[in-house]
Amino acid sequence: PVAGATISGFDENVAAQALAPMAARTVVPAPVFRVQGTGSFTLDKSTAVDARDEAAPVGEYLVNLLRPATGLPLPMSGVGDIELVVEPGHPPGGYDLRVSPSGIWIAADDAAGLFLGVQTLRQLLPPASTGTTRFGVASTTISDQPRFSYRGAMLDVARHFFPVSVVKRYIDDIALLKLNVLHLHLADDQGWRIAIDGWPRLTSIGGSSEVGGGTGGFYTQAQYRDIVAYAASRYITIVPEIDMPGHTNAALASYPALNCSGVAPPLYHGTSVGFSSLCVDKSITWTFLTDVLTQLAALTPGPWLHVGGDESAATPLNDYYRFVARVGTIVAGTGKTMIGWHDIGRSLSLPKGTIGEYWDFTTPRPGSGALSRSLVKRGGKLIMAPANVAYLDQKYALGENIGTQWAQAPLTIQESYGWDPATVVSGVGEEQILGVEAPLWSETFSTLSQLEYLAFPRIVAIAEVGWTPQKDRHFKDFASRLASFANYLQALGINYKRTPGVPWH
Ligand code: TNX
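Residues numbered from 1 in each chain as written. Predicted model: local features only at pLDDT ≥ 70, side-chain atom pairs only at ≥ 80, totals over all residues.

- Within an unreviewed UniProt entry, the label attached to the protein chain reads beta-N-acetylhexosaminidase, and the organism entered is Terrimesophilobacter mesophilus.
- Reading the Catalytic activity (unreviewed entry) entry of the UniProt record for the protein chain gives the comment "Hydrolysis of terminal non-reducing N-acetyl-D-hexosamine residues in N-acetyl-beta-D-hexosaminides."
- Quoted straight from UniProt, the Sequence similarities (unreviewed entry) entry for the protein chain says "Belongs to the glycosyl hydrolase 20 family." (UniProt positions renumbered as here; feature names shortened; annotations may be inferred.)

What follows is the structure, given as structure tokens:
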């Protein structure tokens, strides 16, 4: 029998029964180091949380999650059986966690690391209240740190608009997986989603459309700041993207003067790409982009601005070179580091350290490897988001009614899991990779439930690709942990696809 904690008034026999079926819970992404101990700690109505100074916000976050889930009071006090500590000496970017019969201790170098440890603790606890007032956590020692520092999700709020509440919900969803970046695709042909002072038609006109002809929407600057602050409370950095010079029909429809012809095109509700371009040699283009990028930089505390740069088939190549170079100068002037899709490797001049986001397949097609290496040669790193494994909009099966299929769909959970970011582009290894990202393009869906269905469980696979050392990753082991993790998805009401090949309970 499993030994219970020795808390006064605690009935060892009842505890043993309550805890006996509760084997050590599994965790996704898999921790780097974990050993099982003996016995377990039980949370009950006497359990308190000790999280002071820098650890206090993470403690608040934890009790705010656990109080409603368990019905326990979990007071925050100077002493407690659950201790959260910020102090030097723990795994870089990670945390240490120990559960013993006498308590739970999580420690990290900073609050962000502690937050990651709390995500692990959430998965060591039962998924939800089952009418009990005692929650057992099996004794264990975990020492954990990420493979990559950038672990992202991307949400396309341009093809379909998603309100602030949905974005916050997705932030909570990805926090559970230890992702630390949310890239927001804020403008595309079908919609412009962020208010820019001095350019009201961007939102009144450009924000009023979406794929399929819906009414779209946009974020005021106050709403965007609210998203940024909410993300920061989950130690997640927002990366805003304004895609350019292509993917700009919504802006072009808003201001005739931005067009080379001087005539605004109609709003666009379809799903084609590669037909729009900003007018590279007009001075208003540069007034416009300076305002947009400067304001976005001021609204965004994170170090990155994403300028897209993909699929600009409507921009003559010579113009594209000059365009990206000049955008680079503006971004550098804001103090941010520029990110672009790997296509910007084409540009002859880029700020040093410009980051490329690789979106071609895991077997690069002609050109994409060279473009990616060109960025790395200029001191940049890559974010790996290969479309055939990391694009969450790819259909699970060809018969599904949401999703696209251009990137070698169907995209199975085995494929999303079974790749190594360091062996995709030759010449771009572990040291040249900033991290991974799972983009979710929204041409084919508009609801939260569809969004989560496409994301889960494949985003769990991408999170583990970004976190767990390559040598420790095995699909069968992942699949069994994923099946357990689904209990948490269910408890949180997160929709997911019961993909074949996983032993779902
Ligand atoms: C390609 S890959 C795009 C997006 C589409 C997506 C649909 C890349 C950088 N751009 O414009 O939404 O495919 O899967």
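1. Focus on the confidence of the model for the protein chain
- On average, the protein chain scores 94 in pLDDT, and the residues at 70 or more come to 95%.
- No element of the protein chain has a lower mean pLDDT than helix α1 (residues 12-19), at 39, and none a higher one than strand β8 (residues 181-188), at 99.
- Every residue in residues 1-22 is under pLDDT 50, and counting partners more than four places away or in other chains gives 32 contacts. (pLDDT = per-residue confidence, 0-100. Helix = DSSP H or I, 4+ residues; strand = E, 2+ residues; numbered from the N terminus. Contact = placed C-beta atoms within 7 Å.)

2. Looking at the pairing of strand β6 (residues 135-144)
- Among the 10 residues in β6, 7 count as buried, and that is most of the element.
- With 8 bridges connecting them, strand β1 (residues 33-43) and β6 associate as antiparallel partners. In the sheet register, V35 faces β6, and the bridge partner there is T141.
- Judged from the 5 bridges that link them, strand β4 (residues 95-100) and β6 form a sheet pairing that is antiparallel. In the sheet register, Y95 faces β6, and the bridge partner there is D144. (Buried ≥ 20, exposed ≤ 12 C-beta atoms within 10 Å, placed from the backbone. Pairing = 2+ DSSP bridges.)

3. As for the site of the ligand
- Around the ligand, the structure places V273, D310, E311, W341, W359, A387, Y391, D393, T404, W441 and E443.
- The class makeup of the residues in the shell around the ligand is 6 nonpolar, 1 polar and 4 charged. (Near = placed C-beta within 6 Å. Nonpolar A, V, L, I, M, F, W, Y, C, P; charged D, E, K, R; others polar.)

4. Quick word on the sheet that holds strand β2 (residues 49-51)
- On the basis of which strands lie adjacent, the open sheet formed by 6 strands has the order β1-β6-β4-β5-β3-β2 and mixed pairing. With one partner strand each, in any of the chains shown, β1 and β2 form the two edges of the open sheet. Sheet twist, expressed as the average angle between the axes of neighbouring strands with direction ignored, equals 20°.
- Here helix α2 (residues 56-70) sits on the sheet and contacts β1, β2, β3 (82-86) and β6; the angle it forms with β2, its principal contact strand, is near 160°. (Axes fitted to C-alpha atoms, helices over the stretch in contact; angles between N-to-C directions.)

5. What to know about the UniProt feature "domain: Glycoside hydrolase family 20 catalytic" (unreviewed entry) in the protein chain
- Under the UniProt annotation, the feature "domain: Glycoside hydrolase family 20 catalytic" (unreviewed entry) is placed at residues 148-469.
- Taken end to end, residues 148-469 has its terminal C-alpha atoms 9 Å apart, with 33% of it in helix and 16% in strand.

6. Some points on the environment of F456
- If you trace the backbone, F456 turns up in the loop between α13 (448-455) and α14 (458-467).
- Overall, F456 belongs to the buried group, with 21 C-beta atoms counted inside 10 Å.
- For F456 and A486, which are 30 residues apart along the polypeptide, the C-alpha to C-alpha distance reads 9.4 Å.
- Residues contacting F456, with those up to four places away along its chain left out, are L489, I494, N495, Y496 and K497.

7. Re the packing of helix α4 (residues 164-175) against helix α6 (residues 221-233)
- Remark: α4 packs on α6, axes separated minimally by 10 Å, with the N-to-C direction vectors making an angle of 15°. One way to sum up the angle between α4 and α6 is to call them roughly parallel. In terms of crossing hand, the pair formed by α4 and α6 is right-handed. Within the contact between the two elements, α4 uses V164, V167, K168 and I171 and α6 uses Q223, D226, I227, Y230 and A231.
- Grouping the constituent residues of the contact of α4 with α6 by class yields 6 nonpolar, 1 polar and 2 charged. (Parallel < 35°, antiparallel > 145°, perpendicular 65-115°, else oblique. Left-handed = near helix turned anticlockwise from the far one by under 90°.)

8. What to know about the packing of helix α8 (residues 283-299) against helix α9 (residues 317-334)
- Closest axis-to-axis distance for the α8/α9 pair is 10 Å, and the angle between their directions is 35°. Crossing handedness for the pair α8 and α9: right-handed. Between α8 and α9, the contacting residues are W286, L289, T290, L293, T294 and A297 on the first element and R326, V327, I330, V331 and T334 on the second.
- Broken down by class, the residue content of the contact of α8 with α9 amounts to 7 nonpolar, 3 polar and 1 charged.

9. Quick look at the domain arrangement of the protein chain
- One can read the domain layout of the protein chain as domain 1 (12-144) and domain 2 (150-474 + 488-492).
- Taken over C-alpha atoms, the centre of domain 1 sits 35 Å from the centre of domain 2.
- Of the residues lining the interface, 12 residues belong to domain 1; the matching set on domain 2 comes to 14 residues. (Domains from an automatic or database assignment.)

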